[in-house]
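Listed below, chain by chain, are the residues.
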Protein chains: 2
Amino acid sequence: MVRFSKSINNLRSSEIRDLMSLAIKPDMILFSGGMPDNNLFPLQEIDDIYNNLTEEEKQIAMQYGPTSGIPELLGTLQEFLRKKGLPVDNNKLMITTGSLQAINILTKTFIDPGDTIVVENPCFIGAISAFKSYEAEIISVPLKANGIDLDQLRAAVNDEKQKPKFVYLTPNFHNPAGTLYSVETKLALIDILKDKNIPLIEDDAYSDLYFYEEDKPHLTTIKAMDPKGIDVCYTGSFSKILGPGLRLGWMLVPEPIYQKAELIKQAIDACSPSFTQMLAHKFVSSGAVYDYIETVRKEYKIRAEAMVTCLRKHLPQEITFTAPRGGFYIWLDLPKHIDSTEVLKRAIDKGVVFVSGKTFDPHGILNNKMRLSYCNTSVEKIREGIPLVAEAIREIEDFN
Amino acid sequence: MVRFSKSINNLRSSEIRDLMSLAIKPDMILFSGGMPDNNLFPLQEIDDIYNNLTEEEKQIAMQYGPTSGIPELLGTLQEFLRKKGLPVDNNKLMITTGSLQAINILTKTFIDPGDTIVVENPCFIGAISAFKSYEAEIISVPLKANGIDLDQLRAAVNDEKQKPKFVYLTPNFHNPAGTLYSVETKLALIDILKDKNIPLIEDDAYSDLYFYEEDKPHLTTIKAMDPKGIDVCYTGSFSKILGPGLRLGWMLVPEPIYQKAELIKQAIDACSPSFTQMLAHKFVSSGAVYDYIETVRKEYKIRAEAMVTCLRKHLPQEITFTAPRGGFYIWLDLPKHIDSTEVLKRAIDKGVVFVSGKTFDPHGILNNKMRLSYCNTSVEKIREGIPLVAEAIREIEDFN
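Since we're looking at a predicted model, the values are computed, not measured.

Please give an account of the relation of the copies chain A and chain B that cites residues and values.
If you rotate chain A by 180° and push it 0.0 Å along the axis, it lands on chain B with an RMSD of 0.0 Å. The two molecules are tied by a two-fold rotation axis, judged by turn and shift. Residue by residue, 100% of the interface of chain A is reproduced at the interface of chain B, so both copies engage with the same surface.

Lay out the environment of Arg154 of chain A in plain terms, naming residues and giving numbers.
Inspection of the secondary structure assignment puts Arg154 of chain A in helix H7 (residues 150-157). Residues Arg154 of chain A and Ile138 of chain A, spaced 16 residues apart in sequence, show a C-alpha to C-alpha distance of 15 Å.

Outline the domain arrangement of chain A, supporting the account with residue identities and numerical values.
Residue and element names in this part refer to chain A. Partitioning chain A into structural domains gives domain 1 (6-42 + 290-399) and domain 2 (63-288). Each partner contributes to the interface: domain 1 provides 35 residues, whereas domain 2 provides 32 residues. When residues of the side of domain 1 that touches domain 2 are traced back to their parent elements, those giving at least two are helix H13 (288-314), strand E10 (329-333) and strand E13 (369-373). Here the side of domain 1 that touches domain 2 gets nine residues from one element, more than from any other, and that element is H13. Taken together, the residues of the side of domain 1 that touches domain 2 sort by class into 19 nonpolar, nine polar and seven charged.

Outline the sheet that holds strand E7 (residues 200-203) of chain B, listing residues and values.
Sheets are built from strands that pair by backbone hydrogen bonding, the pairs being arranged parallel or antiparallel. Residue and element names in this part refer to chain B. Judged by pairing direction, the sheet is mixed, and its eight strands sit side by side in the order E2-E9-E8-E7-E6-E3-E4-E5 without closing on themselves. The sheet is open, and its two borders are formed by strand E2 (92-96) and strand E5 (147-148), each paired with just one other strand. Relative to strand E8 (residues 232-237), E7 runs parallel, the two being bridged by four bridges. Across the sheet, Leu200 pairs through a bridge with Val232, a residue of E8.

With reference to specific residues and values, describe the pairing of E8 of chain B.
All names here are of chain B. For E8, a buried count of six out of six residues is recorded, marking the element as mostly surrounded by other parts of the structure. A two-sided burial pattern is seen for E8, the buried positions comprising Val232, Tyr234 and Gly236 on one face and Cys233, Thr235 and Ser237 on the other. As paired elements, E8 and strand E9 (residues 249-253) share four bridges and run antiparallel to each other. In the sheet register, Tyr234 faces E9, and the bridge partner there is Leu252.

Tell me about unusual backbone geometry, residues and numbers included.
Cis geometry is found at the peptide bond from Asn175 of chain A to Pro176 of chain A, where omega equals 15°. Checked against the element boundaries, Pro176 of chain A lands in the loop between strand E6 (167-169) and helix H8 (183-193). With an omega dihedral of 5°, the bond running from Asn121 of chain B to Pro122 of chain B counts as a cis peptide bond. Note on placement: Pro122 of chain B falls in the loop between strand E3 (116-121) and helix H6 (125-133). Although it is not a glycine, Glu135 of chain B sits at a positive phi angle of roughly 60°. One can find Glu135 of chain B in the loop between H6 and strand E4 (137-144).

Please provide a residue-by-residue account of the sheet that holds strand E10 (residues 329-333) of chain B, values included.
As summarised here, the arrangement of the three strands in space is E10-E13-E12 (chain B), forming an open sheet in which the pairing is antiparallel. What marks the edges here is a single partner per strand, and that holds for E10 and strand E12 (355-356) of chain B.

Explain the pairing of strand E13 (residues 369-373) of chain B residue by residue, including any values.
Residues and elements named next belong to chain B. Buried residues dominate E13, accounting for five of its five residues. Burial along E13 is two-sided: Lys369, Arg371 and Ser373 and Met370 and Leu372, pointing in opposite directions, are all buried. In the sheet, E10 pairs with E13 via five bridges, with the strands oriented antiparallel. Bridge pairing in E13 links Ile330 to Leu372. The pairing of E12 with E13 spans two bridges and is classified as antiparallel. Across the sheet, Ser356 pairs through a bridge with Met370, a residue of E13.

Summarise the interface of chain A and chain B; cite the residues concerned and give the values.
With 61 residues of chain A in contact, the opposing surface of chain B contributes 61 residues. Only helix H2 (43-51), helix H3 (55-62), helix H5 (99-110), helix H6 (125-133), helix H11 (255-268) and helix H12 (274-285) of chain A provide two or more residues apiece to the side of chain A that touches chain B. With eight residues, the single largest contributor to the side of chain A that touches chain B is H11 of chain A. Broken down by class, the residue content of the side of chain A that touches chain B amounts to 28 nonpolar, 22 polar and eleven charged.

A description of H12 of chain A should follow, citing residues and the corresponding values.
An α-helical segment advances 3.6 residues per turn. Residues three or four places apart therefore align on the same side. In this model, H12 of chain A (twelve residues) spans 16 Å end to end at C-alpha, consistent with the 16 Å of a helix rising 1.5 Å per residue. A large share of H12 of chain A lies buried, amounting to eleven of its twelve residues. Taken together, the buried positions of H12 of chain A are occupied by Ser274, Phe275, Thr276, Gln277, Met278, Leu279, Ala280, His281, Lys282, Phe283 and Val284 of chain A. Taken together, the buried residues of H12 of chain A touch H2, H3, helix H4 (71-83), strand E2 (92-96) and H13 of chain A together with helix H12 (274-285) of chain B. One or two residues past the end of H12 of chain A sits Gly287 of chain A, with phi positive at roughly 90°.

Run through the environment of Ile128 of chain B, naming residues and quoting values.
Residue and element names in this part refer to chain B. Tracing the backbone shows Ile128 in helix H6. Ile128 gets classed as buried once you count the C-beta atoms within 10 Å, which come to 26. Considered as a pair, Ile128 and Leu11 are 117 residues apart in the sequence and their alpha carbons are 9.4 Å apart. Each residue touching Ile128, except ones within four places of it in the same chain, is listed here: Cys123 and Pro362.

Tell me about the confidence of the model for chain A, and please be specific about residues and values.
Here chain A averages 95 in pLDDT, and 96% of its residues register 70 or above. The ipTM value of the predicted complex is 0.96, and its pTM value is 0.97.

Quick rundown of the packing of H7 of chain A against H8 of chain A? Include the residues and the values.
Residue and element names in this part refer to chain A. As a packed pair, H7 and H8 sit with axes 10 Å apart at the nearest point and diverge in direction by 15°. The pairing of H7 with H8 is recorded here as roughly parallel in orientation. Handedness of the crossing formed by H7 with H8: right-handed. Of the residues in H8, those touching H7 at Leu150, Leu153, Arg154 and Val157 are Thr185, Ala188, Leu189, Ile192 and Leu193. A class-by-class count of the residues in the contact of H7 with H8 yields seven nonpolar, one polar and one charged.

Reading the values: the criteria
Residues numbered from 1 in each chain as written. Chains lettered and ligands numbered in written order. Predicted model: local features only at pLDDT ≥ 70, side-chain atom pairs only at ≥ 80, totals over all residues. Least-squares fit on C-alpha atoms with pLDDT ≥ 70 in both. Contact = placed C-beta atoms within 7 Å. Helix = DSSP H or I, 4+ residues; strand = E, 2+ residues; numbered from the N terminus. Domains from an automatic or database assignment. Nonpolar A, V, L, I, M, F, W, Y, C, P; charged D, E, K, R; others polar. Pairing = 2+ DSSP bridges. Buried ≥ 20, exposed ≤ 12 C-beta atoms within 10 Å, placed from the backbone. Expected span 1.5 Å × (residues − 1). pLDDT = per-residue confidence, 0-100. Axes fitted to C-alpha atoms, helices over the stretch in contact; angles between N-to-C directions. Parallel < 35°, antiparallel > 145°, perpendicular 65-115°, else oblique. Left-handed = near helix turned anticlockwise from the far one by under 90°.

Next comes the structure, spelled out in structure tokens:
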């Protein structure tokens, strides 16, 4: 019998994966995935970019690059981030193979088995997997309307018996909860973390996808606030603003953390794909990224509003949710006795799929929630699918 | 003070990295890197492939794919491997982000901190980093002319006090030693590992790059021998037969190992780049890969023979080496009292760079060896650079 690492025992094939395999059925209405719509990719721009590459640029694209990323993309991404107000000059930037890899590398950088970390509940499933794969002890703090529960965060951070190695948060358009932290919550949590020697990993995969101009004051990232006394490790992604198939993300982190993270990256995959880095470089440096973000932002807003309208029309009244102000997701709050996996089974029978709540609970238990994605489905399909979801919920309610 | 993971203490920025940064100087003659020559990449073929992709294929290229790889590439790669005699039907294939990631994932799959593994000495630097990052205890066994020292391998494998979790070998055109295991050594080590419940990781990044048809009987991989009673985890790469900038490798492993490895991959980067997978799929399915391998095989043979000729002409007689029969490298054996780092410093002054021996010693000590790569340098530059290397060696010999 082969002897596996004990750390594998923490990991399991998640319900969402089984769903994804179900989702291959051609007629299924997909509210499950966190991927952009295939029809929204900037294929024409990528064609133009590829066909204008010089021979030398194509050679760079085919070759190994530096661990931190090809200099071309590092330069243009720095400018992109500088425009968002991020402190690029006194931090180091690393291109990663998707932003999940950035989170994975940072986890490896800080965590020994049994170390404590603090995360939101609910939490991004990929991050949960990364944390568990390194045998972190996860303390989860509930997410409220304006952000993480500050009292519980303060208690967790000040617990000297199990002082957390880091705090992981997604303040802008949380996956799955859709939450946008208020600027007051951001300032309050900075105050809580100040001078505690507990780095903050700020996952910012979605902040470009805001729907309402008036939210801008709340969108400033914690990294951009450049708070003294906290090592903020900022992560971002090209997955939502270009294409996840490029597998490109990044981390912007203080130099001492970068030095360690680079050693880890060298042991994981040596460098991220130069080929897709070259395409991303041109996409940003040409300015095409700004027009594209504008386009998808409008489209996702239309879809989000369509889904909200449908949900308000069809859902039983006792089901609550917050209308999203950006990002990809709506997070439904079901009555306590409703198990969303049961709802899901009914929904699949009806030809529609979403993700059950417990998938995003770091402890894998809380299941009276469910995540609906509107990113990958047309308005027409949203109008067709939401009544089926509502029907499935009603059937389980009646059954109970 | 931020508290890092203890595992980082095992990792350090290697001498080769400092070299790589030095190597940016435009006029430097590079015998250091393990990358293909920029001038050898199949740029025309990639142009044709890209420009013949359908819109649907481009959408797949931009989108997340399954953790194991896009079905298109999995299918064509299976055929590619089947032609090499590999047992693709009773094993599972996973596309990885370079073959280093395959090694990293397998290490994570098997290793808890302090677990013992067995490797060759010398050993591929990327693998050493992966092993150390997971705090493996490395037992190294010397590499001899026909492969690993079998007596020492047997002793290590049968040490019940610290039974190794796996054995990691590069039987075909070893990096850095260039060694091609004889078929007799392969059979003998199968016998040693049989029924020991110790998986073998067989790193096969170079076997397509053989120079001599008469070596073919020795080139059969251990995985292709499909030995009963050993879980062979076979890893391979597109880096040497297409381009490392695509970051594509693979593992072909028994199903139970695959199941665990997939959970790890999900926590590392979710999936490998679909964009470059689509290009690799077309490169293999069109048959272009076979012509390309033929071309580079011939070119590397010319360079290897040119380097051997130069070395024989210029090296002091007491320096020995084995003429390579494939792959990228020549491994020089210096007199015991010669420190290759000292030689390297002199060489850099003269405008030529290689990699010192200790870089490839899992214990970081043995330094009377050095690795010369001929993969990334023209015959002209080889003729210019080797006399400078010989000069540097002579200066250090005289100095001692």
